[in-house]
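Chain and residue survey
Single-letter residue listing:
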Amino acid sequence: MWPRWLLLCLGAPLAAQSPVNAGRPAAPAAAIRIWAPAGALRIVAWERDSVQVRGRVDPSLGRFFLTGTREAMKLGIEGPDRKPAEGSADLEIMIPAAARLSIQAPDADLDLTAGGGSVEALVASGRVRVAGKAGDISVESIDGNIELTALGGVARLRTASGTIVARGVVRELYANSVSGPLLIGMEGAVSRVSLESVSGEIAFKGDLDPEGVLRAETHGGDIELRLPPALPASFDIVAYGGGLVNELVPHDLPKPGARKGEWQFATGSGGASVMVLTFKGKVVLKPKGR
């Protein structure tokens, strides 16, 4: 016969997940801070002056909170006292379109559709996807991938080992990684692009403003740029290890500079500026349509 205490343990139900259904009025451009240690966050901008949250939270992770005023509020998961946080949260958060977001989600996946405000997000290992429209976008992740498919003013993306994929239309783009690749495909002309990686590859496809600047730098990775064939730009290429493959102007191949592995040349009137540096990788220039 089983001991009574064991039967009681076997028959004890698991802790139920706590449902979340909360909301409150918010100013159109409210400052909203969101904290979620683990799980999944889906944040969507809507045309209402309010915040609405639905989902569920594992009690072992903590309890949901929503505090503040119409102009500034905080929401998220408050962890248990003196105990390590466990479990996860799965939340859908509706926010005013012009809200100013500050998000910290160390081990959570983040899926955000912005509506015109600003976005600042910090994660550790979760995946981040930002779509929609935002004036200013800043995303930093340690190990997670970052995907940007947005219309925006300035976008700053940073990761250590994750992959950065950026598409859409932005005026300025700054992307940095340690070992992760940077895969950029812009749909409109960009005024300033800065792409940096230590060992990851860099691939850019897009156009530049007449006075735009494109800077790509990596120590050990390859760099591939796909640009309009008629782009008027001055090029400053440094590729000490892998050399230059130039299919952008095949009938007027630039001659090496004074030092081996360096090239300087111009296309058209040379209005835009393209600066490329890799110590061990190669540089490939191709027409945008190919």
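1. Comments concerning the overall build of the protein
Summing up its helical and strand segments, the protein has one helix and 21 strands in all. Here the protein, with 290 residues, has 45% of them falling under the buried criterion. Of the contacts formed within the protein by residues at least 6 apart in sequence, a portion of 45% connects residues at least 24 apart. When the accessible surface of the protein is summed, it comes to about 14300 Å², and 53% of that surface belongs to carbon and sulfur atoms.

2. Regarding the pairing of strand E20 (residues 272-278)
Looking along a regular strand, one sees side chains alternate from face to face of the sheet. Counting buried residues in E20 gives five out of seven residues, a clear majority hidden from the surface. Looking at chain direction, strand E15 (residues 202-218) and E20 are connected through six bridges and run parallel. In the strand pairing of E20, Ala216 is matched with Val276.

3. What to know about empty space enclosed by the protein
Counted according to the given criterion, the structure contains one cavity of 30 Å³ or more. Each pocket or cavity is described by its volume, and for the largest cavity that value is around 40 Å³. Ile95, Ala97, Ala99, Leu101, Ala114, Gly115, Gly116, Gly117, Ser118 and Val119 together form the lining of the largest cavity. Here the lining of the largest cavity is built from residues that sort into six nonpolar, four polar and no charged.

4. Quick word on the pattern of salt bridges
What the rule picks out here adds up to 10 salt bridges. For Arg226, the salt bridge is made with Glu224, and the minimal N-O distance between the two is 2.8 Å. Residue Glu224 is classed as partly exposed on the basis of its relative accessible area of 24%.

5. Focus on the confidence of the model for the protein
Reading predicted coordinates in detail is not appropriate for stretches of low pLDDT. Scored by pLDDT, the protein has a mean of 90; 89% of the residues are at 70 or more. Ranking the helices and strands of the protein by mean pLDDT puts strand E2 (residues 31-35) first, with 98, and helix H1 (residues 4-11) last, with 43. Segment residues 1-15: pLDDT under 50, and one contact once partners within four positions in sequence are set aside and those in other chains are kept.

6. What to know about the side chain of Ser102
Summarising the element assignment, Ser102 is placed in strand E8 (residues 100-105). Apart from the residues within four sequence positions on either side, Ser102 is in contact with Ile32, Arg33, Ile34 and Glu120.

7. Focus: the nonpolar core
Within the largest apolar cluster, 77 residues are counted, with the highest numbers of intra-cluster contacts made by Ile32, Leu91 and Ile93. By residue number, the principal contributor to this core is strand E14 (residues 182-197), which donates six residues. Beyond its immediate stretch of four places on either side in the chain, Leu91 contacts Val20, Ala40, Leu41, Arg42, Val53, Arg54, Gly55, Arg56, Val57, Phe64 and Ile77.

8. Focus: the packing of aromatic side chains
A complete count under the given rule lists two aromatic pairs for this structure. Aromatic pair Tyr240 and Phe279: ring centres 6.0 Å apart, planes at 40°, arrangement tilted. Highlighted residues: Tyr240 in the loop between strand E17 (233-239) and strand E18 (244-246) and Phe279 in the loop between E20 and strand E21 (283-287), separated in sequence by 39 residues. Residue classification places Tyr240 among the partly exposed residues on the basis of a relative accessible area of 35%. Since its relative accessible area comes to 37%, Phe279 is described here as partly exposed.

Reading the values: rules and limits
- Residues numbered from 1 in each chain as written.
- Predicted model: local features only at pLDDT ≥ 70, side-chain atom pairs only at ≥ 80, totals over all residues.
- Heavy atoms only, no water.
- Helix = DSSP H or I, 4+ residues; strand = E, 2+ residues; numbered from the N terminus.
- Buried < 20%, exposed > 50% of the residue type's maximum accessible area, 1.4 Å probe, protein only.
- Contact = heavy atoms within 4.5 Å.
- Areas by Shrake-Rupley, 256 points an atom, 1.4 Å probe, with all protein chains shown as cover.
- Pairing = 2+ DSSP bridges.
- 1 Å grid on protein atoms, 1.4 Å probe; cavity = no way out; pocket = protein on both sides within 12 Å on 5 of 7 lines; lining within 4 Å.
- Points joined across faces, edges and corners; volume = space filled by probe spheres on them.
- Nonpolar A, V, L, I, M, F, W, Y, C, P; charged D, E, K, R; others polar.
- Salt bridge = Lys/Arg side-chain N within 4 Å of Asp/Glu carboxyl O.
- pLDDT = per-residue confidence, 0-100.
- Core = buried A, V, L, I, M, F, W, Y, C linked by side-chain atoms within 4.5 Å.
- Phe/Tyr/Trp six-rings, centres within 6.5 Å; stacked < 30°, edge-to-face > 60°.

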